[in-house]
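As a plain string of letters, each chain reads:
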Amino acid sequence: MKALKNYMDKIKPHFEPGGKLSMFQSVFEGFESFLFVPNTTSHSGVHIHDSIDSKRTMTVVIVALLPALLFGMYNVGYQHYLAIGELAQTSFWSIFLFGFLAVLPKIVVSYVVGLGIEFTAAQLRHHEIQEGFLVSGMLIPMIVPVDTPLWMIAVATAFAVIFAKEVFGGTGMNIFNIALVTRAFLFFAYPSKMSGDEVFVRTGDTFGLGAGQLVEGFSGATPLGQAATHTGGGALQLTDILGNTLSLQDMFLGFIPGSIGETSTLAILIGAVILLATGIASWRVMLSVFAGGIVMSLICNWFANPDIYPAAQLSPLTQICLGGFAFAAVFMATDPVTGARTNTGKYIFGFLVGVLAILIRVFNSGYPEGAMLAILLMNAFAPLIDYFVVEANIRHRLKRAKNLTK
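Residues numbered from 1 in each chain as written. Predicted model: local features only at pLDDT ≥ 70, side-chain atom pairs only at ≥ 80, totals over all residues. Heavy atoms only, no water.

Caption draft 1: Structural context of the overall build of the protein. Within the protein, the secondary structure is distributed over 15 helices and zero strands. In the protein, 72% of the contacts between residues at least 6 apart in sequence involve partners at least 24 apart. (Helix = DSSP H or I, 4+ residues; strand = E, 2+ residues; numbered from the N terminus. Contact = heavy atoms within 4.5 Å.)

Written as structure tokens, this is what we have:
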């Protein structure tokens, strides 16, 4: 590492103003900042000096995402070998390797496209390269079905980075969550690749691994997909891809079909502990999202007609364990850039995200995964929430000051 640092210091003058490679100064600084902790500090003005910076923040979030990502890779292989009837005779590492090879290209495409655009934008603006896409680049492949074509991920990532981030000024300036804009673009532009029974389970081989024939009775429908298409009234019975009844434990652990990183509530909660312990994520937002989802689920249980709205039968714990609700609560709604910033506003923002996610999920079968739309909608209203919270605080203080002067 010392030799690498010495080499970077040696070639650095070539990238500084006046050097023969000065046009690539932003790229060099971004790469250097990624490898080493910057040793520069401010000498004037009012600044907060702290050991935390954006790179450390993004690194902690990546670490928190790893449990859900690694389990997601295993679950991709688990669902595949279950679908071809070879799960019992396949080793843990073979299952994981299949999922790893299926997911890795999506991660590579996400980072290559997103970081490529950010590097280009930084060069054109002569700005430093920010670390914001380090997290978005990992989130994007985790919130899509395993069979989403790579070219679609590339197009959607480019759209989100350019039109939802760079046009607003780059990292810290966007008003919508970049990863969710990517997913929304995919959902509305290519709905057949983001929903249905054929996209959430890899039924073919991956780089020659896992070839086999599907077992009789296979269905790739997710539990939420089953709820959305349930007809004929009666009790809603959720099953796995072979028709076996799913237990709450199965859903909590994540052995169900779904988007790559969203299936295991347990793995997501491990990530939540990391984010909360390090102070990276707001517990107010996280707690409020779960509270809003539970309250709205109970209301649906009590008042919604289950014959017309089958998903209303699902218990609050089931709702939380299915789809992307838990993932959205922990990793999406807590985005400090696109969410509310006042403490009271965080409670309101999170609670409404939870409420809207369940409302959309239950009452609109066309969008069985409501968390994405709920967060994007509340991203738009987050500044308004903060405005009213601040105005209410100002009025309260003015009223208190008048009472003191009487």
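Caption draft 2: Fine view of the nonpolar core. Among the nonpolar cores identified, the biggest contains 108 residues, and Leu 65, Phe 327, Phe 331, Met 332 and Phe 349 are the most heavily contacted of them. For this core, the element with the most residues is helix α3 (residues 54-83), which contributes 15 residues. For Leu 65, the contacting residues outside a window of four places in its chain are Met 138, Leu 139, Met 142, Phe 327 and Phe 331. (Core = buried A, V, L, I, M, F, W, Y, C linked by side-chain atoms within 4.5 Å. Buried < 20%, exposed > 50% of the residue type's maximum accessible area, 1.4 Å probe, protein only.)

Caption draft 3: Seen up close, unusual backbone geometry. Positive phi outside glycine occurs at Phe 207, with the angle close to 50 degrees. Within the element layout of this structure, Phe 207 appears in the loop between α7 (178-189) and α8 (223-229).

Caption draft 4: Looking closely at the packing of aromatic side chains. Within this structure, the stated rule accounts for 23 aromatic pairs. Taken together, the aromatic side chains of Phe 71, Tyr 74, Tyr 78, Phe 92, Trp 93, Phe 96, Phe 100 and Phe 255 make up a single cluster linked through ring pairs. (Phe/Tyr/Trp six-rings, centres within 6.5 Å; stacked < 30°, edge-to-face > 60°.)

Caption draft 5: Up close: α3. With 30 residues, α3 ought to run about 44 Å at 1.5 Å a step, and its terminal C-alpha atoms sit 42 Å apart, in line with that. Residue Leu 66 marks the point of greatest curvature in α3, where the axis turns by about 35 degrees; the proline Pro 67 follows within four residues. Summarising burial for α3: 22 of the 30 residues are buried, a large majority. (Expected span 1.5 Å × (residues − 1). Bend = angle between axes of the 7 residues up to and from the residue.)

Caption draft 6: Quick peek at the pattern of salt bridges. All told, the structure shown has four salt bridges when counted by the stated rule. With its nearest N and O atoms 2.2 Å apart, the salt bridge here joins Glu 118 to Lys 165. Remark: Lys 165 occurs in the loop between α6 (150-164) and α7 and Glu 118 occurs in helix α4 (residues 92-125); sequence separation between them is 47 residues. Residue Lys 165 is classed as buried on the basis of its relative accessible area, which comes to 2%. The salt bridge partner of Arg 183 is Glu 262, with a shortest N-O separation of 2.8 Å. In this pair, Arg 183 sits in helix α7 while Glu 262 sits in the loop between α9 (248-253) and α10 (265-277), placing the two residues 79 residues apart along the sequence. Each member of the pair, Arg 183 as well as Glu 262, carries the same accessibility label: buried. (Salt bridge = Lys/Arg side-chain N within 4 Å of Asp/Glu carboxyl O.)

Caption draft 7: Structural detail: the packing of α6 against α7. Axis separation between α6 and α7 bottoms out at 8 Å; the angle between their running directions is 130 degrees. Between α6 and α7, the angle falls in the class oblique. The crossing of α6 and α7 is right-handed. On the side of α6, the interface is formed by Met 152, Ile 153, Val 155, Ala 156, Thr 157, Phe 159, Ala 160, Val 161 and Ala 164, while α7 contributes Ile 178, Val 181, Thr 182, Phe 185 and Leu 186. Across the contact of α6 with α7, the residue classes tally to 12 nonpolar, two polar and no charged. (Axes fitted to C-alpha atoms, helices over the stretch in contact; angles between N-to-C directions. Parallel < 35°, antiparallel > 145°, perpendicular 65-115°, else oblique. Left-handed = near helix turned anticlockwise from the far one by under 90°. Nonpolar A, V, L, I, M, F, W, Y, C, P; charged D, E, K, R; others polar.)

Caption draft 8: Here's a closer look at α7. Helix length check: α7, at 12 residues, gives a terminal C-alpha distance of 16 Å against a target of 16 Å (1.5 Å per residue), a fit within 8%. Judged by how many residues are buried, α7 sits mostly within the fold: nine of 12 residues are covered. Among all positions of α7, only Ile 178, Ala 179, Leu 180, Val 181, Thr 182, Arg 183, Ala 184, Leu 186 and Phe 187 are buried. Buried positions along α7 lie against α5 (133-142), α6, α13 (325-332) and α15 (371-405). Among the residues of α7, the N-terminal cap falls to Asn 177, whose side-chain oxygen and the backbone nitrogen of Ala 179 are separated by 3.1 Å. (Polar contact = N/O pair within 3.5 Å; in protein donor to acceptor, adjacent residues only side chain to side chain.)

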